[in-house]
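Survey of secondary and tertiary structure
Okay, here's what each chain looks like letter by letter:
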Amino acid sequence: MTANFAPVEAFDLVIFGGTGDLAYRKLLPALLRRHADGQIPAGSRIVGVAREALDDAGYRKQLQAALADVADAKTLEAFLQQVGYRSLDARKDAGWDAFAEMIGEQPEHVRVFYLSTSPELFVDICGRLGHYRLNEGKARVVLEKPIGRNLASANQINDAVGQVFDESQTFRIDHYLGKETVQNLLALRFGNALFEPLWNNGHIDHVQITVAETVGVGHRAGYYDHAGALRDMVQNHMLQLLCMVAMEPPSSLAPDAVRDEKLKVLNSLTPVDDSNAAQLTVRGQYRAGNADGQHVPGYLDELKDGKSNTETFVALKAGIANWRWAGVPFYLRTGKRLPNRVSEIVVAFKPVPHSIFDSSAGTLAQNRLVLRLQPDEGVKLWLTIKHPGPGGLRLRHVPLDMSFAEAFGVQQPDAYERLLLDVVRGNPTLFMRRDEVEAAWRWADPILAAWAASGEPPRPYTAGTWGPSASVALIERDGRTWNEDSE
Ligand code: BG6
């Protein structure tokens, strides 16, 4: 099956943080793949910006090495012709006049300023863009997460960015929303009559969301140690997944129709604070062990001073106080240096109300709908059936299993490919609105405060294991288990 590429207008895309990890690992490969599929219009320009003293040729040379595996040499060469570099410091004047002049050469282009820098620089960069009136015309700004480190700093950033860019020009990216399975959740929930009548506390026992990574923190320690798993993954990616599962049906896919519903979910999250954080949350930090096929150092070994109370693992039990979800726990867990790279959402249905089967038939298991975000994106619906053939009625729990790659024969685009082009198109449906970010911090801040007040360090876990044993206890206390299929 061939993929369908909707054309976009010619654009200039400026990546602040152009020599950073995200630019090299995600943004530029995503743009290169769109280029390889002929989706980047002629005349479009991609400009990396960072403090490093480099010129166009030097940047291209670095990219040539970094992107060699993404496309063949000829495609890469043609792509690099569209790529340039400017050395700028957000806090110094040098170079900004020339940069503004260069961007001004193509006033009819869509202009995208992608801020892939530390959030402390967002305000300075936007201030400069405003000063040079680069916010005019078809200009958009993309803010990478995390937006701030708590509600107060997020507000400061949003206020300052808002002085220069309207909300309609501001794209707060959460790349999980660009993942195929997350969008498929919309299709599955609202394109089938089957699920919606069951999608509530009458029929759903609980929901699990796991985002497990095998990688450690490595060279990102400088950023990560100030963030930790709650700020890095839960406040944004995992809450967005929770919203997509839990939101009411929006009236359409119009950006605000979807975002209004997500906001209601965020505002309905039950508070986790000093009074209950010890029961509802578990934080962990990895120690040396075997992960990713090798012996790896512990988190503290990766830090300069070897000291930190930052969590690299979180498991928590969240609740949503509304009619649809009251009493249904949402178990969330995420961590670095876990045994497998797997992200999935498990919707576990309630058991049948009464069994008609003898004990010899085996036990009845709950139906589970498993949405796999990565790897092997797909959907599994676990059903109970009769084991085929003679030998009496024996029950089996088997999945209706659909891998998207096998079913459709296309490689799914990376989330950033879709989202970058959505910014060019000016479509914010899959981006976070300011009030969503604020609501997410409003819920996360008291958890961070409770942890800080407790003074307890995160629980150690060996790299290559599923986090501290307390995270197993968190769910097993309730008579439930983490989905074994993912482990
Ligand atoms: C980023 C986090 O937002 O998401 C990283 O900052 C994390 O710490 C990454 O590794 C995970 O993204 P993905 O798409 O690889 O699951």
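Now for a quick tour of the structure. Just so we're clear, the structure is a prediction, and the values are computed from it rather than from any experiment. (Residues numbered from 1 in each chain as written. Predicted model: local features only at pLDDT ≥ 70, side-chain atom pairs only at ≥ 80, totals over all residues. Heavy atoms only, no water.)

With that settled, consider the overall build of the protein chain. Counting its regular elements, the protein chain contains 15 helices and 17 strands. Overall, the C-alpha framework of the protein chain stretches about 80 × 55 × 45 Å when taken along its three principal axes. Out of the 487 residues belonging to the protein chain, those deemed buried represent 54%. Pairs at least 24 apart in sequence give 77% of the contacts found in the protein chain among residues at least 6 apart. Accessible area of the protein chain: about 21100 Å², with a carbon and sulfur share of 53%. For the protein chain, the distance from the average site of its 52 positive side-chain charges to the average site of its 60 negative ones is 2 Å. (Helix = DSSP H or I, 4+ residues; strand = E, 2+ residues; numbered from the N terminus. Buried < 20%, exposed > 50% of the residue type's maximum accessible area, 1.4 Å probe, protein only. Contact = heavy atoms within 4.5 Å. Areas by Shrake-Rupley, 256 points an atom, 1.4 Å probe, with all protein chains shown as cover. Lys, Arg positive; Asp, Glu negative; His and termini not counted. Charge placed at Lys NZ, Arg CZ, Asp CG, Glu CD.)

Attention now moves to the pattern of salt bridges. By the definition in use, this model includes 33 salt bridges. For D37, the salt bridge identified is with R34, shortest N-O distance 2.8 Å. We classify D37 as partly exposed; its relative accessible area is 38%. By relative accessible area, which is 7% here, R34 ends up buried. With a shortest N-O distance of 2.6 Å, R128 and D93 are connected by a salt bridge. With a gap of 35 residues between them, R128 in helix α5 (residues 122-131) and D93 in the loop between β3 (83-87) and α4 (96-104) connect regions that are remote in the sequence. (Salt bridge = Lys/Arg side-chain N within 4 Å of Asp/Glu carboxyl O.)

Let us look at the site of the ligand. Surrounding the ligand, one finds K145, H175, Y176, K179, E213, R220, D232, M233, H237, K336, R341 and Q374. Between the ligand and E213, the relevant distance is 2.5 Å, taken from an oxygen atom to a side-chain nitrogen or oxygen of the residue. The contact in question runs from an oxygen atom of the ligand to an N or O atom on the side chain of R220, over 2.9 Å. In isolation the ligand has 390 Å² of accessible area, and contact with the protein removes 87% of it. For the shell around the ligand, the element with the most residues is helix α9 (residues 229-246), which contributes three residues. When the residues that make up the shell around the ligand are grouped by side-chain class, the tally is two nonpolar, three polar and seven charged. (Near = heavy atom within 4 Å. Polar contact = N/O pair within 3.5 Å; in protein donor to acceptor, adjacent residues only side chain to side chain. Nonpolar A, V, L, I, M, F, W, Y, C, P; charged D, E, K, R; others polar.)

Across soluble globular proteins, nonpolar side chains have a tendency to be buried as a group. With 146 residues, the main nonpolar core has F16, L28, F99, F113 and F330 as its most contacted residues. For this core, the element with the most residues is α9, which contributes twelve residues. Taken domain by domain, this core gets at least three of its residues from each of domain 1 (11-172) and domain 2 (177-476). Residues in contact with F330, not counting those within four places in the same chain, are V207, L242, V245, A246, L316, K317, A318, I320 and W325. (Core = buried A, V, L, I, M, F, W, Y, C linked by side-chain atoms within 4.5 Å. Domains from an automatic or database assignment.)

This part takes up the sheet that holds strand β2 (residues 45-50). If you trace the six strands from one edge of the open sheet to the other, you get β3-β2-β1-β4-β5-β6, paired in parallel fashion. A single partner strand is all that each edge strand has here, and the edge strands are β3 and β6 (170-172). Going from strand to strand, the sheet's axes swing by 20° on average, the running direction of each strand aside. Taken together, the five bridges between β2 and β3 define a ladder with parallel strand orientation. The residue bridging V49 from the neighbouring strand is R86, located in β3. Against the sheet, α4 touches β1 (11-16), β2, β3 and β4 (110-115), its axis set at about 155° to β1. Against the sheet, α5 engages β1, β4 and β5 (139-143), with an angle of about 155° to β4. (Pairing = 2+ DSSP bridges. Axes fitted to C-alpha atoms, helices over the stretch in contact; angles between N-to-C directions.)

With that out of the way, let us pick up empty space enclosed by the protein. Taken as a whole, this structure holds one cavity of 30 Å³ or more when the rule is applied. In this structure, the largest cavity occupies an estimated 40 Å³ of space. What lines the largest cavity is simply K145, P146, I147, Q235, N236, M432, V437 and W441. Where the lining of the largest cavity is concerned, the elements lending two or more residues are α9 and α14 (434-454). Class assignment of the residues belonging to the lining of the largest cavity gives a composition of five nonpolar, two polar and one charged. Domain assignment of the residues forming the lining of the largest cavity places at least three in each of domain 1 (11-172) and domain 2 (177-476). (1 Å grid on protein atoms, 1.4 Å probe; cavity = no way out; pocket = protein on both sides within 12 Å on 5 of 7 lines; lining within 4 Å. Points joined across faces, edges and corners; volume = space filled by probe spheres on them.)

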